[in-house]
Amino acid sequence: AQKVTQAQTEISVVEKEDVTLDCVYETRDTTYYLFWYKQPPSGELVFLIRRNSFDEQNEISGRYSWNFQKSTSSFNFTITASQVVDSAVYFCALTDSWGKLQFGAGTQVVVTP
Amino acid sequence: GAGVSQSPRYKVAKRGQDVALRCDPISGHVSLFWYQQALGQGPEFLTYFQNEAQLDKSGLPSDRFFAERPEGSVSTLKIQRTQQEDSAVYLCASSLVGGQGQRRQYFGPGTRLTVT
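Residues numbered from 1 in each chain as written. Chains lettered and ligands numbered in written order. Predicted model: local features only at pLDDT ≥ 70, side-chain atom pairs only at ≥ 80, totals over all residues. Heavy atoms only, no water.

Colleague: Break down the pairing of strand β5 (residues 33-39) of chain A for me, with residues and values.
Modeller: Residues and elements named next belong to chain A. Buried residues dominate β5, accounting for 7 of its 7 residues. What you see with β5 is no split at all: Y33, F35, Y37 and Q39 on one side and L34, W36 and K38 on the other are buried throughout. Bridging between β5 and strand β6 (residues 46-52) involves 6 bridges; their strand directions are antiparallel. Across the sheet, residue Y33 finds its bridge partner in β6, namely N52. If you look at the hairpin formed by β5 and β6, you'll find 6 residues sitting between the two strands, and G43 has a positive phi there, around 100°. Pairing geometry for β5 and strand β10 (residues 88-95), over 7 bridges, is antiparallel. Looking across to β10, one finds that Y37 is bridged to F91. (Buried < 20%, exposed > 50% of the residue type's maximum accessible area, 1.4 Å probe, protein only. Helix = DSSP H or I, 4+ residues; strand = E, 2+ residues; numbered from the N terminus. Pairing = 2+ DSSP bridges.)

This is the structure:
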């Protein structure tokens, strides 16, 4: 069975601080995909980033970056220089080859001016 | 350039009533997923369609829940004899192709169901 754990329930930062969100996953699949989604107060889930299980290269995309470590089954996500608009719930998710998403419980990020 | 739409956005039902929730996926998208999101929780998978075929319904919590996608586009999630524990946001998502886990899913705004 697949499982995603987001240990941080809520993170509060002041604008321009960096925010790192932790995600640990469990799966028996050898091929899988990891995602981060954002859910603002409006409720709609917004896709942020995706990584596959055979590519551990970490990347930066604008203010977003991620650290994928297969050895520790972690897929952490960082927002650099946070802004008030980044306030939302962030979900880490895992899929198998068919696409069924297994979400973590989410981390509420609160950015204050 | 419409995204995934869902209706109604809000539904209040009395316990025991039947409800029907509609999802209009992005045109041409093969895969369609339904998720249930309880308050303060992450979404939980309910069921998956590839075109009109329901390939996975392992997440449906009881036989009161039924989903269909008869023509491979619009989908309806029906809940019979609603119970208070059915209160949640029901999210629909679609993706362009089927059977490819790496494909991003596009989510609708959800239907918030409150059972009183």
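Colleague: Give me the lowdown on the interface of chain A and chain B, citing residues and values where you can.
Modeller: Of the residues lining the interface, 21 residues belong to chain A; the matching set on chain B comes to 24 residues. Regarding the contact of chain A and chain B, the summed buried area is about 1,700 Å², with carbon and sulfur atoms giving 54% of it. Of all residues in chain A, L45(A), W98(A) and K100(A) bury the most surface against chain B, accounting for 28% of the area lost on that side. Summed over the shared surface of chain A and chain B, the number is 1 salt bridge. The salt bridge involving K100(A) is made with D56(B); its shortest N-O contact spans 3.5 Å. Our count for the chain A to chain B interface comes out at 4 residue pairs in polar contact (both at pLDDT 80 or more). For the side of chain A that touches chain B, the elements supplying multiple residues, two or more each, are β5, β6, β10 and β11 (101-103) of chain A. A per-element tally of the side of chain A that touches chain B places β5(A) first, with 4 residues. Among the residues forming the side of chain A that touches chain B, the class breakdown is 10 nonpolar, 7 polar and 4 charged. (Contact = heavy atoms within 4.5 Å. Buried area = accessible area lost by both parts, 1.4 Å probe. Salt bridge = Lys/Arg side-chain N within 4 Å of Asp/Glu carboxyl O. Polar contact = N/O pair within 3.5 Å; in protein donor to acceptor, adjacent residues only side chain to side chain. Nonpolar A, V, L, I, M, F, W, Y, C, P; charged D, E, K, R; others polar.)

Colleague: Tell me about the side chain of Q36(B), and please be specific about residues and values.
Modeller: For Q36(B), the position within the fold is in strand β4 (residues 31-37). Contacts of Q36(B), omitting those with residues within four sequence positions, involve G42(B), P43(B), E44(B), L46(B), F65(B), D86(B), A88(B), V89(B) and Y90(B).

Colleague: An account of the layout of surface pockets is needed here, citing residue identities and associated values.
Modeller: Approximately 570 Å³ is the volume found for the largest pocket. Q39(A), V89(A), Q37(B), G40(B) and R112(B) are the residues nearest the centre of the largest pocket, which is lined by 28 residues in total. Per-element accounting of the lining of the largest pocket gives the leading share, 3 residues, to β10(A). Taken together, the residues of the lining of the largest pocket break down into 11 nonpolar, 15 polar and 2 charged. (1 Å grid on protein atoms, 1.4 Å probe; cavity = no way out; pocket = protein on both sides within 12 Å on 5 of 7 lines; lining within 4 Å. Points joined across faces, edges and corners; volume = space filled by probe spheres on them.)

Colleague: Describe the nonpolar core, with residues and values.
Modeller: Within the largest apolar cluster, 24 residues are counted, with the highest numbers of intra-cluster contacts made by L21(A), W36(A), F75(A), F77(A) and Y90(A). Among the elements of the structure, β2 (10-14), β3 (19-21), β5, β6, β8 (64-69), β9 (74-79), β10 and β12 (107-112) of chain A are those that each provide at least two residues to this core. The greatest single-element share of this core, amounting to 4 residues, is contributed by β10(A). Counting 20 residues, the second largest nonpolar core, distinct from the first, contains W34(B), A88(B), C92(B) and L113(B). (Core = buried A, V, L, I, M, F, W, Y, C linked by side-chain atoms within 4.5 Å.)

Colleague: Account for the pattern of salt bridges, naming residues and giving values.
Modeller: Residues and elements named next belong to chain B. Applying the stated rule across the entire model yields 5 salt bridges over all chains. Residue D24 pairs with R22 through a salt bridge whose shortest N-O separation is 2.7 Å. Residue classification places R22 among the partly exposed positions, given a relative accessible area of 38%.

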